[in-house]
Amino acid sequence: MNSVLVTSTGESTGKTAITLALGLLAQERGLDVGYMKPKGTRLQSSTGKTLDEDPMLARELLGLDAEMHQLEPVVYSPTFIQGAIRGRESNEELSEVISHHFDDLASDKDLMLIEGGGSYRTGGIVGLTDPDVAELLDSDVLLVADYKDSSDLDDVVAAVEDIGSDRLAGVVFNRVSDAMYDELETDVAPFLEARGIPVIGVLPTEKDLAGVTVSDLADELGAELATDAPTDAFVERFLVGAMGGDAALRYFRRTKNAAVITGGDRANIQRAALEAPGVKCLILTGGHRPVGAVIGKAEEKRVPVLMVNGDTLSVTDRAEDIVSTGRTRDERTVQRMRDLMYEHTDIDAIIGGISPSDD
């Protein structure tokens, strides 16, 4: 049995989608695949217990017959962290629990996929960072990283130093823009490989994986549409409108694929947002309906206007969470990531030496 721990330089790098896509690719090779996320970090309330959504999706997509307490032995919640600070959590006991469930899950598998939590540093307060877990479970490590500019290499090199070159299977760069793609392949990859850091994948930015549609955003926020405008545009980021009209317009014009969140009674900001070509929708808070002139301008510009209850800060937090976590919550997204990895990643470098076991 082989195992691979998928970790990342930071949060929301596409780690879950990559882990599950790798599982699908391994299953296509006839491998019996298991999954575990030792530290549950993406939490929701489920039947009165705090659970991570990622193992739920893994269980469904990979057809796993395992209980949630096995897939997610440590719930890395704020309550857990407070307990650790106060000395109520033991590294030895936690390590024993993780190892016990890992052994059970891996007993009849060809490949175990272990999803890291948050970033590779998560778990440090109990001595269970992702490199620590890889050592505990004797796993290879696949490092996922974003690449927006050359300064991101500092995070990659620091992560590899913590992981150790003997455990590193390689680095996969995800969501690489067209502007950065050639630079990464021609300059960055050789730079890293000359230092013993193999780059085994460069995944391009995909529009339908880089955000959520206005329609999906409206559904998730429980928003009411105030306009008759198309809602199929993608939103990748949010801008909070809280300044004067002229300053707002300069601010809004510097972005693209954005939604502007502002109070429903801030007509001057709403009008400024509608003049910026990169603004794909308005989200108006406080339950206020915009004035007729704003609705008319929005329909003329074909920009949908969403109305939601709640204050601007809480709505912004909810919207950011939808964009940062919603990309890996369905089978379509993981299947698209499977296609990207098949086309742009050296899968053999990760699982090439594993053969299906005889039943």
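The rules behind the values
Residues numbered from 1 in each chain as written. Predicted model: local features only at pLDDT ≥ 70, side-chain atom pairs only at ≥ 80, totals over all residues. Heavy atoms only, no water. Buried < 20%, exposed > 50% of the residue type's maximum accessible area, 1.4 Å probe, protein only. Helix = DSSP H or I, 4+ residues; strand = E, 2+ residues; numbered from the N terminus. Arc of directions from axis to C-beta. Contact = heavy atoms within 4.5 Å. Core = buried A, V, L, I, M, F, W, Y, C linked by side-chain atoms within 4.5 Å. Pairing = 2+ DSSP bridges. Axes fitted to C-alpha atoms, helices over the stretch in contact; angles between N-to-C directions. Parallel < 35°, antiparallel > 145°, perpendicular 65-115°, else oblique. Nonpolar A, V, L, I, M, F, W, Y, C, P; charged D, E, K, R; others polar. Phe/Tyr/Trp six-rings, centres within 6.5 Å; stacked < 30°, edge-to-face > 60°. Lys NZ or Arg CZ within 6 Å of the ring centre and 35° of its normal.

*Asks:* Quick question: what am I supposed to make of helix H4 (residues 78–85) here?
*Replies:* Residues lying three or four places apart along an α-helix face the same way, a consequence of the helix completing one turn every 3.6 residues. Listed in full, the buried residues belonging to H4 are Phe 80, Gly 83 and Ala 84. The buried residues of H4 occupy an angular sector of 100° when projected down its axis, which confines them to one face. With respect to the buried face of H4, the exposed residues turned more than 90 degrees away are Pro 78, Thr 79 and Ile 85. Here the buried face of H4 lies against strand E6 (74–75) and helix H5 (91–106). Backbone geometry just after H4 places Gly 87 at a positive phi near 80°.

*Asks:* Looking at this structure, I do not really get the nonpolar core. What am I missing?
*Replies:* As a rule of thumb, soluble globular proteins bury nonpolar side chains together. Residues Ile 18, Phe 173, Met 341 and Ile 351 are the most contacted members of the largest nonpolar core, which totals 77 residues. A per-element tally of this core places helix H1 (residues 15–28) first, with eight residues. Filtering out sequence-adjacent residues up to four positions away, Phe 173 remains in contact with Ala 145, Asp 146, Tyr 147, Leu 153, Val 156, Leu 184, Val 188, Leu 192, Val 199, Gly 201, Val 202 and Leu 203.

*Asks:* Please explain the environment of Leu 64 as it appears in this structure.
*Replies:* If you trace the backbone, Leu 64 turns up in the loop between helix H2 (53–61) and helix H3 (68–71). Classification of Leu 64 as buried rests on a relative accessible area of 12%. Considered as a pair, Leu 64 and Val 33 are 31 residues apart in the sequence and their alpha carbons are 8.5 Å apart. Setting aside residues up to four positions removed in sequence, Leu 64 forms contacts with Val 33, Gly 34, Tyr 35, Ala 58, Arg 59 and Leu 71.

*Asks:* Which parts of the structure should I look at to understand the sheet that holds strand E1 (residues 2–8)?
*Replies:* Sheet strands pair by backbone hydrogen bonding; their relative direction is either parallel or antiparallel. Taken in spatial order, the six strands make up an open sheet running E2-E7-E1-E8-E9-E10, and their pairing is parallel. Of all strands in the sheet, those with a lone pairing partner are strand E2 (33–36) and strand E10 (199–204), marking the two edges. Sheet twist, expressed as the average angle between the axes of neighbouring strands with direction ignored, equals 20°. For E1 and strand E7 (residues 111–115), the ladder comprises five bridges, and the chain directions are parallel. Paired with Leu 5 across the two strands is Ile 114, which belongs to E7.

*Asks:* Teacher, can you tell me more about the side chain of Thr 9 here?
*Replies:* Along the chain, Thr 9 falls in the loop between E1 and H1. Dropping the residues within four chain positions of it, Thr 9 is found in contact with Ser 119, Tyr 120, Arg 121, Leu 143, Val 144, Ala 145, Asp 146, Asp 155, Val 156 and Ala 159.

*Asks:* What is the right way to read the packing of helix H11 (residues 267–274) against helix H12 (residues 292–301) from this model?
*Replies:* Between two packed helices, the angle of one axis relative to the other and the distance separating the axes together describe the packing. At their nearest, the axes of H11 and H12 sit 10 Å apart, and the two run at 10° to each other. The pairing of H11 with H12 is recorded here as roughly parallel in orientation. Every residue of H12 that contacts H11 at Ala 267, Gln 270, Arg 271 and Leu 274 is listed here: Val 294, Lys 297, Ala 298 and Lys 301. Broken down by class, the residue content of the contact of H11 with H12 amounts to four nonpolar, one polar and three charged.

*Asks:* It is not clear to me how the sheet that holds strand E16 (residues 279–285) should be interpreted in this structure. Could you clarify?
*Replies:* Read from one edge to the other, the open sheet built from five strands follows the order E12-E17-E16-E15-E14, with strand pairing classed as mixed. Bordering the open sheet on either side are strand E12 (224–225) and strand E14 (237–240), each of which pairs with just one other strand. In this sheet, strand E17 (residues 305–307) lies alongside E16 in parallel orientation, the contact comprising three bridges. Residue pairing across strands places Leu 284 opposite Met 307, the latter belonging to E17. In the packing of helix H9 (residues 214–221) onto the sheet, contacts are made with E14, E16 and E17, and the angle to E16 comes to roughly 15°. Packing of H11 onto the sheet brings it into contact with strand E15 (258–263) and E16, and relative to E16 it is tilted by some 165°.

*Asks:* Where do I start with the packing of aromatic side chains in this structure?
*Replies:* Any two aromatic rings considered together are summarised by their centre-to-centre distance and by the angle between their planes. For the structure on display, the rule yields two aromatic pairs. Both rings, one in Tyr 76 and one in Phe 80, keep their centres 5.3 Å apart while their planes meet at 45°; by these two values the pair is tilted. Accessibility expressed as a relative area gives 9% for Phe 80, which makes it buried. Arranged with centres 5.9 Å apart and planes meeting at 80°, the rings of Tyr 147 and Phe 173 form a pair that is edge-to-face. Placement of Tyr 147 in the loop between strand E8 (140–146) and helix H7 (152–163) and of Phe 173 in strand E9 (residues 168–176) is noted, with a sequence separation of 26 residues between them. Phe 173 carries the same exposure label as Tyr 147, and that label is buried. Lying over the aromatic face of Tyr 342, Arg 338 brings its terminal NZ or CZ to 4.9 Å of the ring centre.

*Asks:* Explain unusual backbone geometry here, please?
*Replies:* Negative phi is the rule for most residues except glycine; trans is the rule for most peptide bonds. In this model, Arg 175 sits at a positive phi of 55°, which is unusual for a non-glycine residue. Inspection of the secondary structure puts Arg 175 in strand E9. One non-glycine residue, Arg 302, lies in the positive phi region at around 65°. With respect to the element layout, Arg 302 can be found in the loop between H12 and E17.

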